[in-house]
Amino acid sequence: MRILIEGGRVIDPANNVDDVLDVLIEDGRIAALGPGGAARGTPPPDRVLDAHGKVVCPGFVDLHVHLREPGREDMETIATGTRAAARGGFTSVCAMPNTNPVNDNQSVTEFVLDRAKREGAVNVYPVGAITKGQKGEELAEIGELVGAGCVAVSDDGKPVMNAEIMRRALEYAGMFGIPVIQHAEDLNMTGKGSMHEGLVSTELGIRGIPAASEAIIVARDILLAELTRSHYHVAHVSTEESIRLIREAKAKGLHVTCEVTPHHFAITDEAVKSFSTNTKMSPPLRSTRHVEAVKAALKDGTIDAIATDHAPHTIQEKEVEFDSAPNGIIGLETAFALGMTVLVEGEVLTLNQLIARFSSEPARIFNLPKGMLSVGADADVTIVDLTREWVVDARTFASKSRNTPFDGWKLRGEVLATIVGGKVVWELEG
Amino acid sequence: MGVGWKRKDLLGIQDLTVDEITLILDTAVSMKEIASRDIKKVPTLRGKTVINLFYEPSTRTRTSFEIAGKWMSADVINISTSSSSVSKGESLKDTGLTLQAMHPDVVVIRHSAVGAPHLLAGILQRTSVINAGDGAHEHPTQALLDLFTIREGRGTLSGLKAAIVGDILHSRVARSNIFAMQKMGMQVRVSGPATMLPRYLDRLGVEVFGRIEPAIADADIIMMLRVQLERQAAGLFPTLREYSKLFGLNLDRLKSARRDVLIMHPGPINRGVEIAPEVADGPYSLILNQVENGLAIRMALLYLLAGGQAANNN
């Protein structure tokens, strides 16, 4: 199948490309790129996508997604979650292991990969658990997990609280060159907290979680990364303090990376005043000081990637009192547009930098052969329209879940088409 | 709705305007008179149904609402969740929908979760919801009766200095009073162990004192809060003995207060812990006045939210 994407502004940060070019896709790979018809080749393409006035970039890579299958197919399945990914312009997602059963062994990894192959719309890279059952007590068979296809390990949802276990995990995972992803929070400090500890929590009387809870674990783990020389990755970083520590660690040459969610650069803890449970997640929405630090870190590269932490929940689970609600919101279908509207229109990042944080950078730090439009690379391509504004309507989401705080938001940047392995897996009607 | 009142619900003090608060206090003045009658009955809420939905235990608030409703001829139902389907796991949403189907006019809810009354108010489209305490967030009727008591004692509210002492962090009474007092032009100070003072109170314009003595020095009102044993278990203070020594209001400390100081406490009191018995029972104490005024305030609210006729129709 030959597809020609014609006349679009091709932005490919990995290859330093920002030019109006045609892109030819053949047999699932990028066959050629060139201006004004040069890439067309013969025979004529089976399909031509008119991308004039649009932006063509590498398919986005989301390092942090909860697909909920196996175990909570009522919230999301690999099929629906990957369709949501495609709708958001993502062509690769890393699937977190806090499923039921937990992905701490080969059979669950193989199940996820098999399901993804048969029903998934985009590439799925499983993340295995650090410890058995994610209990934080004994290392999982990380070698077996890597052999089965896991690209990283994490006990996400929870931190590894025991420093000795975290040290051994970093050491052991270091043998395979994979990152250990930490959900950084001190559970004792978090206690029964439901939101960020700040002025808003003082006013609302909701138990707060101090920024120090996250930063303390990041500080500890950076010392362990220094000791073990392994790759340490901070999931969903949200505080100024953590960012400061990561910046110092990188300056020292330690192999430390991190990601941030769109909600942590788009909204603050003020949103909790509505008591909407779609403002409850872990880590919680922070105050302005932290949001500003996140933006500055995205700009200076301290934060490597934007990752959604897409966390589906059923309506009835979220339709309860704030304190009782489970943590998490979905994010795949609004991520890029939030980046465009808040970061690019907000003059924090250039368009090229935004696209890098969504594609080349996440792929690079996790060693995934993705996020680039080089000749010969997998044809994972996203076409976006930056001229139009659109209104978020959660009812139209491909995700099974609806737990988003952005319903009704007017955003700029609409995904027109998503191509995975040379196949159009999503396109906007009309 | 009673004349001048526009809201369906009373969920918190933070949303109320000065005019609305004044309306409630003024309405309560005429309600208070009913308590001194021989026949404590007015027909104002005849045919109206008031449901008390208490997810947390309560003596004064619940009894207060019950009596207030009955004096005004309403049909009052009390649901205590330990003996309801809530103990079978029924959600707040389903409880709300079930009650709605029985057409109540007012639901008074006390719940341990912040925002529960707001959730219920959204579900009960045709019923007025009164917040009788949601977690550590607000207890608006308490703050209203406290304002009423202060106004009664001093004749005015603006310019007065109030000191609230105790576990501010976990106190909905403290929060509602901070909002209410500031709205009415009072100066608020707080004091308590550092582990029990929420951060950023100064950003709300509240003066924070690490010791009780400077907080109460020239205060017009001293409001003591109950200290709960489970806070000790949570490591927030070492012993009741030490708490009492550092922050208890005893006769000695009272000596340095103003001659005309008003002592208040939302109750229930821990005699000998945060307040000495002699102080609680002494001449400066308005603790029982608070209880009496609670009735008047709650009658006023039921009238404003569910009554349509003048209170003095009998």
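Reading guide: rules and limits
- Residues numbered from 1 in each chain as written.
- Chains lettered and ligands numbered in written order.
- Predicted model: local features only at pLDDT ≥ 70, side-chain atom pairs only at ≥ 80, totals over all residues.
- Heavy atoms only, no water.
- 1 Å grid on protein atoms, 1.4 Å probe; cavity = no way out; pocket = protein on both sides within 12 Å on 5 of 7 lines; lining within 4 Å.
- Points joined across faces, edges and corners; volume = space filled by probe spheres on them.
- Helix = DSSP H or I, 4+ residues; strand = E, 2+ residues; numbered from the N terminus.
- Nonpolar A, V, L, I, M, F, W, Y, C, P; charged D, E, K, R; others polar.
- Salt bridge = Lys/Arg side-chain N within 4 Å of Asp/Glu carboxyl O.
- Buried < 20%, exposed > 50% of the residue type's maximum accessible area, 1.4 Å probe, protein only.
- Axes fitted to C-alpha atoms, helices over the stretch in contact; angles between N-to-C directions.
- Parallel < 35°, antiparallel > 145°, perpendicular 65-115°, else oblique.
- Left-handed = near helix turned anticlockwise from the far one by under 90°.
- Contact = heavy atoms within 4.5 Å.

Where do I start with empty space enclosed by the protein in this structure?
Per the stated rule, a full pass over the model turns up six cavities of 30 Å³ or more. Approximately 80 Å³ is the volume found for the largest cavity. Lining the largest cavity are B:Arg60, B:Thr61, B:Ser64, B:Gln142, B:Leu145, B:His265, B:Pro266, B:Gln290, B:Val291 and B:Arg298. Contributions of two or more residues to the lining of the largest cavity are made by α2 (60–71), α5 (140–154) and α12 (287–306) of chain B. Its residues placed into classes, the lining of the largest cavity shows three nonpolar, five polar and two charged. There is about 60 Å³ of room inside the second largest cavity. For the second largest cavity, the full set of lining residues is A:His183, A:Ala184, A:Glu185, A:Ile209, A:Ser213, A:Glu214, A:His236, A:Ser282, A:Pro283, A:Pro284 and A:Arg286.

Just to check I follow, could you spell out the pattern of salt bridges for this structure?
Residue and element names in this part refer to chain A. Taken as a whole and assessed by the stated rule, the structure comprises 52 salt bridges over all chains. With a closest N to O distance of 2.4 Å, Arg289 and Glu240 form a salt bridge. Of this pair, Arg289 sits in helix α10 (residues 288–300) while Glu240 sits in helix α8 (residues 240–251), and the two are 49 residues apart along the sequence. Taking the relative accessible area as the measure of exposure, Arg289 reaches 39% and is therefore partly exposed.

What is the right way to read the layout of surface pockets from this model?
A water-sized probe, rolled over the atoms, reveals where empty space remains. Residues and elements named next belong to chain A. Here the second largest pocket defines a volume of roughly 600 Å³. Around the second largest pocket, the lining comprises 35 residues; the ones closest to its centre are Arg68, Asn98, Gly157, His313 and Asn327. Residues of the lining of the second largest pocket, tallied by class, amount to 10 nonpolar, 17 polar and eight charged.

Any chance you could explain the packing of helix α3 (residues 92–100) of chain B against helix α4 (residues 116–123) of chain B here in plain terms?
Helix packing for two helices is described by the angle between their axes and how far apart those axes are. All names here are of chain B. Between α3 and α4, the least distance of the axes is 9 Å, while the angle of their chain directions is 45 degrees. Between α3 and α4, the crossing angle belongs to the class labelled oblique. Remark: the crossing between α3 and α4 carries right-handed chirality. Residues Leu92, Lys93, Gly96, Leu97 and Gln100 of α3 lie in contact with α4, whose contacting residues are Ala116, Leu119, Leu120 and Ile123. Here the contact of α3 with α4 is built from residues that sort into six nonpolar, two polar and one charged.

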